[in-house]
Amino acid sequence: MTTQVDTLPEPVRTPPRATRPFYWSIRRELWENRSLYIAPLAAAAVTLFGFAIGDIWLLRRMSALDQERRSFAVGHYDLAALVIMLTMLLAGVFYCLGALHGERRDRSILFWKSLPVSDLTTVLAKASVPLVILPLLGFIIIVATQLIMLMMSTALLLLNGISATALWVEGPLSAMSLVQLYCLAVLALWYAPFGGWLLLVSGSARRAVFLWAFLPPLAVCVIEKTAFGTTNVAAFLIHRLAGGYDEAFTTRAEGASQLATLDPVRYLSSPDLWIGLAITAAFLATAVWLRRRREPI
Amino acid sequence: MACIEARGLRKSFGATIALDGIDLRVEEGRILGLIGPNGAGKSTALNAILGLTSYQGTLKVLGRDPWTERDQLMCDVCFIADVAVMPRWMRVSQALDYVAGVHPRFDRAKAEGFLAKTIIKRSSKIRELSKGMVTQLHLALVMAIDAKLLVLDEPTLGLDLLYRKQFYDTLLNDYFDGSRTIVVTTHQVEEIQDILTDVMFLNRGRIVLDCSMADFETRYVEVMARPEHVAAARALKPLHERQVFGRSILLFDRADRDQLAGFGEVRTPSIADLFVAMIGGQAAETQGAAP
């Protein structure tokens with residue numbers, strides 16, 4: 001009689017599938033923060049609504065669309081872009097403040113950390129939302145809004161038997177879009193340190209994230225002014241807030257949103273830009289370090 | 001290779017010592033129950049194993065250092081904390097998409113199969129699900145992952161009886177296959193007594209009991225002594241004595257069963273009985289409770 005030794009067969013493991021943690025981390029951010037695209041879409045809708053009313057008003061008193069009126073309409077295109085950009089900026093600020101705080105507050109960080117996604121991937125995905133995704137999204141929304149405005153104006157002219165060729169040929173759209181894309185890239189890179197700072201505060205503060213983000217820099221300015229009578233920190237911050245435009249365009253004169261005034265070489269060789277990006281990297285590295293250690297609130 | 005191996009694992013928060021240098025070895029294919037009063041260090045130990053907290057001493061989980069290699073480790077380790085950690089804004093379909101997108105060992109069809117047995121809709125947001133349903137969802141996600149170690153920290157907290165029973169039944173029938181390792185902490189000890197292969201008691205950051213269930217059943221014995229034999233039973237130095245309906249129940253470690261049988265009805269104590277016997281007195285001191 002032979003004895004058989006029962007051995008359990010080695011269970012077959014599922015072969016690992018290819019994954020895209022960075023891509024899905026960004027998708028996850030957009031699922032959670034729908035205001036990132038709803039807010040600029042709402043801003044676009046508001047602008048378009050105003051523009052439509054303006055067009056109808058124009059239609060009633062229009063004998064001919066003179067040059068002045070046409071440039072008036074172009075001004076609206078810039079305004080639409082500005083409104084959408086400002087909305088995105090605000091949406092971006094609130095996104096950054098919540099990005100690393102919300103997951104600790106609702107304890108979902110324990111769920112995210114139970115998956116094979118590193119803290120570096122997570123923080124980089126969150127940082128790329130204001131630095132890459134929002135500017136691109138903003139550009140698409142701005143161009144779409146301006147196209148709709150152009151079509152509305154075209155329809156208006158055609159309804160009155162006036163040729164709309166001038167609007168399309170002389171029209172500012174293609175050059176303007178390029179300028180706007182450049183503007184968005186300049187802003188995203190120039191404001192990157194602020195995004196990094198907000199993410200860092202979001203990852204470290206237990207509560208009152210908004211106050212932690214804005215009061216300490218203010219306090220430093222106040223201390224410097226009262227203690228030494230100087231305003232270096234304030235000047236530095238103001239330069240970081242407003243200086244990007246001077247670096248990126250040759251002139252600040254009226255009508256500066258012309259293609260010829262773009263100066264990407266000077267902007268990219270500006271030490272201030274690279275100092276800012278280095279600061280951003282330091283902030284983000286600290287945010288990664290913090291995410292590894294921080295517990296749910 | 002042991003699934004979990006710790007030597008001198010220590011963690012303190014300021015002056016509070018959460019883990020006081022514990023040694024721990026969990027072999028592959030075991031189901032370990034980690035039992036302890038509140039603040040005993042259970043969660044800290046689990047957090048260390050999961051790479052969620054730093055520690056002193058050495059700790060290897062599946063051969064990796066959890067603190068420095070958490071993301072790689074999570075390819076082979078799954079974790080269910082209590083029910084509140086699934087993100088409330090997420091839709092069920094998004095949870096499936098996301099886990100499928102980031103986890104190399106997730107079998108989406110399997111997860112869909114588990115979900116089909118529940119009434120959870122793909123389009124529901126997690127905030128719209130009941131506590132029990134969120135746990136079902138999390139369990140469906142976790143069971144569809146071909147992991148080597150599953151860590152459960154109070155997984156059935158706040159669930160009703162039916163969900164709790166179903167949770168462990170599903171886990172045993174559809175998941176555990178003898179090669180996976182499960183570590184579970186819970187206060188509802190009686191629910192897991194029958195599924196454990198090993199039990200460990202933790203109190204004030206130290207391990208006070210570490211034995212297999214087979215050892216448990218041979219080592220510990222309880223006798224409901226008839227009144228005339230109580231004094232004789234006490235002479236054998238029981239670990240603990242309690243009164244039920246006026247009868248004395250005495251719990252012994254490594255006693256002679258035949259001898260005890262002469263005093264009254266003999267049986268194997270439950271884990272909960274032994275827990276109270278070993279830790280009840282000490283815990284009452286620390287918690288300042290009346291005896």
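Keep in mind it's a predicted model, so treat the numbers as computed, not measured.

Draft legend 1. The arrangement of the overall build of chain B in detail. Assigned secondary structure in chain B consists of eleven helices and 13 strands. Computed over its C-alpha atoms, the radius of gyration of chain B comes to 21 Å, within 12% of the 19 Å expected for a compact globule of 291 residues. With respect to the principal axes defined by its C-alpha atoms, chain B has extents near 70 × 40 × 35 Å. For chain B, with 291 residues in total, the buried portion stands at 45%. Put simply, of all contacts in chain B between residues at least 6 apart along the chain, 69% involve residues at least 24 apart.

Draft legend 2. Focus on the domain arrangement of chain B. Residue and element names in this part refer to chain B. Domains assigned within chain B are domain 1 (4-204) and domain 2 (215-285). A separation of 34 Å is found between the C-alpha centroids of domain 1 and domain 2. Domain 1 puts eight residues into the contact, and the matching count from domain 2 is nine residues. At the level of elements, α7 (189-192) and β8 (198-203) are the ones that each hand at least two residues to the side of domain 1 that touches domain 2.

Draft legend 3. Geometry of the interface of chain B and chain A. Every contact between the two is made by 28 residues of chain B and, on the other side, 25 residues of chain A. Of all the secondary-structure elements, those providing two or more residues to the side of chain B that touches chain A are α2 (70-73), β5 (77-80) and α3 (92-102) of chain B. Per-element accounting of the side of chain B that touches chain A gives the leading share, five residues, to α3 of chain B. Across the side of chain B that touches chain A, the residue classes tally to 16 nonpolar, six polar and six charged.

Draft legend 4. Broad picture of the sheet that holds strand β7 (residues 181-185) of chain B. All names here are of chain B. Taken together, the six strands give an open sheet; going across it, the order is β5-β6-β7-β3-β8-β9, and neighbouring strands pair in mixed fashion. Two strands in the sheet have a free side with no partner beyond their single neighbour: β5 and β9 (206-212). Between one strand and the next, the sheet's axes are offset by a mean angle of 15°, whatever the strand orientation. Judged from the four bridges that link them, strand β3 (residues 31-35) and β8 form a sheet pairing that is parallel. In the strand pairing of β8, Ile-35 is matched with Phe-201.

Draft legend 5. Highlighting the sheet that holds strand β4 (residues 56-61) of chain B. Residue and element names in this part refer to chain B. Pairing is antiparallel in the open sheet, where three strands are placed in the order β2-β1-β4. This sheet does not close on itself; its edge strands, each paired only once, are β2 (16-26) and β4. Shown here is a sheet whose adjacent strand axes are inclined to one another by a mean of 25°, direction ignored. Pairing analysis gives eight bridges linking strand β1 (residues 4-13) to β2, with the strands arranged antiparallel. Note on β2: the bridge partner recorded for Glu-5 is Arg-25. Sheet strands touched by helix α1 (residues 42-49): β1, β2 and β4. Its angle to β1, the strand with the most contacts, is close to 120°.

What counts and what doesn't
- Residues numbered from 1 in each chain as written.
- Chains lettered and ligands numbered in written order.
- Predicted model: local features only at pLDDT ≥ 70, side-chain atom pairs only at ≥ 80, totals over all residues.
- Helix = DSSP H or I, 4+ residues; strand = E, 2+ residues; numbered from the N terminus.
- Rg over C-alpha atoms; globule rule 2.2 N^0.38 Å.
- Buried ≥ 20, exposed ≤ 12 C-beta atoms within 10 Å, placed from the backbone.
- Contact = placed C-beta atoms within 7 Å.
- Domains from an automatic or database assignment.
- Nonpolar A, V, L, I, M, F, W, Y, C, P; charged D, E, K, R; others polar.
- Pairing = 2+ DSSP bridges.
- Axes fitted to C-alpha atoms, helices over the stretch in contact; angles between N-to-C directions.

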